[in-house]
Amino acid sequence: MNNAEILALDKANVLGTYARQPVALVRGKGVRVWDADGKEYIDFVQAIASNVLGHCHPKVVAAIREQAGNLIHCSNLYGIGPQAELAALLVANSFADKAFFCNSGAEANEAAIKLARKWAKANRGSGAYEIITTLKSFHGRTLAALAATGQTKYHEGFEPMPPGFVHVPFNDLGAVEAVLSDRTAAVMVEPVQGEGGVNPALPEYLKGLRELCDRDGILLIMDEVQTGMGRTGCLWAHEGYGIRPDIMTLAKGLGGGFPIGALLTTDQVASAFAPGNHGTTFGGTPLASAAAFATLKTVLDQGLPVRAGSMGEYLRRRLSGLQEKYGFVKEVRGLGLMVGMELAFPGKEVVDRCREAGLIINCTETSVLRFLPPLNVKIQEIDQAIEILDGALSSDRTE
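Residues numbered from 1 in each chain as written. Predicted model: local features only at pLDDT ≥ 70, side-chain atom pairs only at ≥ 80, totals over all residues. Heavy atoms only, no water.

Asks: Whenever I open this one, the environment of Asn109 confuses me. Can you help?
Replies: Tracing the backbone through its elements, the reader meets Asn109 in helix H5 (residues 105–123). Overall, Asn109 belongs to the buried group, its relative accessible area being 1%. Spatially, the C-alpha atoms of Asn109 and Ala292 are 18 Å apart, while their sequence positions differ by 183 residues. A distance of 2.8 Å separates the side chain of Asn109 from the side chain of Thr249, its partner in a polar contact. (Helix = DSSP H or I, 4+ residues; strand = E, 2+ residues; numbered from the N terminus. Buried < 20%, exposed > 50% of the residue type's maximum accessible area, 1.4 Å probe, protein only. Polar contact = N/O pair within 3.5 Å; in protein donor to acceptor, adjacent residues only side chain to side chain.)

Take a look at the structure:
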């Protein structure tokens with residue numbers, strides 16, 4: 001089937017919850033993808049930061065093939081070797097002592113919300129249940145994760161939202177302190193807001209949150225669904241800020257493109273959960289765990305967090321050159337290879353022009369172009385992307 005045939009079949013049979021781009025991608029290798037008509041693209045979205053090693057990395061493909069021939073799925077009622085190995089690798093390379101596996105970022109955040117409430121009721125009193133989150137945050141599309149999300153556009157039509165979440169401005173420590181109470185169980189924050197416009201946390205903000213949580217005996221949850229796995233220049237973004245959370249949530253890049261999510265936490269916090277308190281049918285299957293183990297091992301063995309830091313600096317430098325060239329580019333910001341370019345007008349037409357010229361990017365918060373290339377992206381691939389973006393911007397307004 002070609003692009004038109006696939007899209008027509010999709011429109012006729014798939015629930016219309018996505019604003020599809022007018023292409024159907026059928027093959028990928030590294031930073032590049034091809035659509036059903038055979039057109040080649042440089043992919044700087046990579047499934048919204050999921051393909052940290054690019055498309056179809058050989059080590060991930062080999063791990064999936066081998067595991068699929070042995071055992072694809074079994075219940076979490078039994079020990080799962082690949083899951084245990086993945087947990088051990090995560091624990092050895094993080095602040096955490098224990099891991100829980102699920103299928104997505106939303107599920108990881110749901111687990112974090114439940115664990116924080118259970119822990120708070122045991123340690124702060126039965127009235128402690130509220131979780132403080134930030135405006136412009138995004139924590140997922142299940143109802144509790146949606147209620148935690150500080151963007152009303154995602155709430156519309158699904159009210160009433162589950163109670164227990166307090167939203168305050170991002171990077172405003174005083175606003176957090178002002179709403180702390182005996183009801184507070186935790187603070188949940190993204191080190192870099194992705195869907196909110198690629199907004200990095202200020203160092204003093206995250207350090208201040210850690211101090212407030214320690215002072216009041218509440219938990220600090222880091223939503224690293226998009227920032228984890230080396231994306232920001234450190235294996236986990238919070239490491240670059242010199243702090244440790246009590247709970248961290250992961251997904252997207254963890255499986256190298258294969259669906260898996262995780263919650264990591266300390267022994268002290270993990271003790272709040274007993275058998276039966278939480279669970280999932282498909283979390284941490286042998287197949288998903290094998291894919292994630294191969295991904296994380298490759299990220300570590302190849303030093304890709306450091307590479308993401310240096311390549312991210314190069315990408316931002318090249319984008320800053322375009323900012324100097326075009327007056328309508330308001331700001332370039334981000335950490336590592338999680339980068340945003342804010343325009344003075346909606347970015348959809350620029351995204352469309354880039355795609356037509358062979359570059360896939362996306363736009364968040366209406367006017368922020370977002371760049372999420374794989375961690376092993378090459379300088380020449382960044383240069384090619386910048387050349388295409390330059391052409392797309394030069395066709396636009398000049399102010």
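Okay, back to it.
Asks: Where do I start with the packing of helix H12 (residues 348–357) against helix H13 (residues 379–394) in this structure?
Replies: Geometry of a packed helix pair, given as the angle between the helix axes and the separation of the axes. Axis separation between H12 and H13 bottoms out at 9 Å; the angle between their running directions is 130°. Taken together, H12 and H13 sit at an angle that is classed as oblique. Crossing geometry of H12 relative to H13 is assigned as right-handed. Every residue of H13 that contacts H12 at Val350, Arg353, Cys354 and Ala357 is listed here: Ile388, Leu389, Ala392 and Leu393. Grouping the constituent residues of the contact of H12 with H13 by class yields seven nonpolar, no polar and one charged. (Axes fitted to C-alpha atoms, helices over the stretch in contact; angles between N-to-C directions. Parallel < 35°, antiparallel > 145°, perpendicular 65-115°, else oblique. Left-handed = near helix turned anticlockwise from the far one by under 90°. Contact = heavy atoms within 4.5 Å. Nonpolar A, V, L, I, M, F, W, Y, C, P; charged D, E, K, R; others polar.)

Asks: Would you take a moment to explain the sheet that holds strand S10 (residues 219–223) for this structure?
Replies: Across a sheet, paired strands are connected by hydrogen bonds in the backbone, their directions being either parallel or antiparallel. One open sheet accounts for seven strands, arranged S4-S12-S11-S10-S7-S5-S6; its pairing is mixed. A strand with exactly one partner marks an edge of an open sheet, and here the two such strands are strand S4 (98–102) and strand S6 (165–168). Each neighbouring strand pair of the sheet contributes to a mean axis angle of 20°, computed without reference to strand direction. Relative to strand S11 (residues 247–250), S10 is paired through three bridges, and the arrangement is parallel. What sits directly across from Met222, in S11, is Met248. On the sheet, helix H4 (residues 81–92) packs against S4, S11 and strand S12 (261–265) and is oriented at approximately 130° with respect to S4. (Pairing = 2+ DSSP bridges.)

Asks: How should the environment of Ser394 be read in this particular structure?
Replies: Tracing the chain through its elements places Ser394 in helix H13. In this structure the C-alpha to C-alpha distance between Ser394 and Asp383, which are 11 residues apart in sequence, comes to 16 Å. A polar contact is formed between the side chain of Ser394 and the backbone oxygen of Gly391, at a distance of 2.8 Å.

Asks: So what exactly am I meant to see when it comes to the sheet that holds strand S13 (residues 329–335) here?
Replies: With antiparallel pairing, the four strands of this open sheet are ordered in space as S13-S14-S17-S16. Strands at the two margins of the open sheet, each flanked by one partner only, are S13 and strand S16 (362–364). Strand-to-strand twist across the sheet, computed as the mean angle between neighbouring axes with direction ignored, equals 30°. Taken together, the four bridges between strand S14 (residues 338–343) and strand S17 (residues 368–371) define a ladder with antiparallel strand orientation. Directly across from Met341, in S17, lies its bridge partner Leu369. Strands S13, S14 and S17 of the sheet are contacted by helix H11 (residues 304–325), whose axis makes an angle of about 175° with S13.

Asks: Would you mind showing me how to read the pairing of S6 here?
Replies: Every other side chain in a regular strand lies on the same face of the sheet, so the side chains alternate between the two faces. Taken together, the four bridges between strand S5 (residues 130–134) and S6 define a ladder with parallel strand orientation. Note on S6: the bridge partner recorded for Ile131 is Phe165. Since S5 and S6 lie parallel, the crossover through helix H6 (residues 143–148) that links them has a hand, and here it is right-handed. (Right-handed = clockwise from strand over helix to strand, strands pointing away.)

Asks: Help me understand the pattern of salt bridges, please; the structure alone is not making it clear to me.
Replies: Pairing between side chains of opposite charge can happen when their charged atoms approach one another. For the structure shown, the criterion picks out 20 salt bridges. Across the pair Arg210 and Asp246 runs a salt bridge, and its minimum N-O distance is 3.0 Å. Here the residue Arg210 occupies a position in helix H8 (residues 203–216), and Asp246 occupies one in the loop between S10 and S11, the gap between them amounting to 36 residues. Across the pair, exposure class does not vary: Arg210 and Asp246 are buried alike. With a closest N to O distance of 2.7 Å, Asp216 and Arg215 form a salt bridge. For Asp216, a relative accessible area of 26% gives the class partly exposed. Put simply, Lys330, Glu331, Arg333 and Glu342 are held in one network by salt bridges that share partners. (Salt bridge = Lys/Arg side-chain N within 4 Å of Asp/Glu carboxyl O.)

Note that all results are geometric; they support no functional claim without further evidence.
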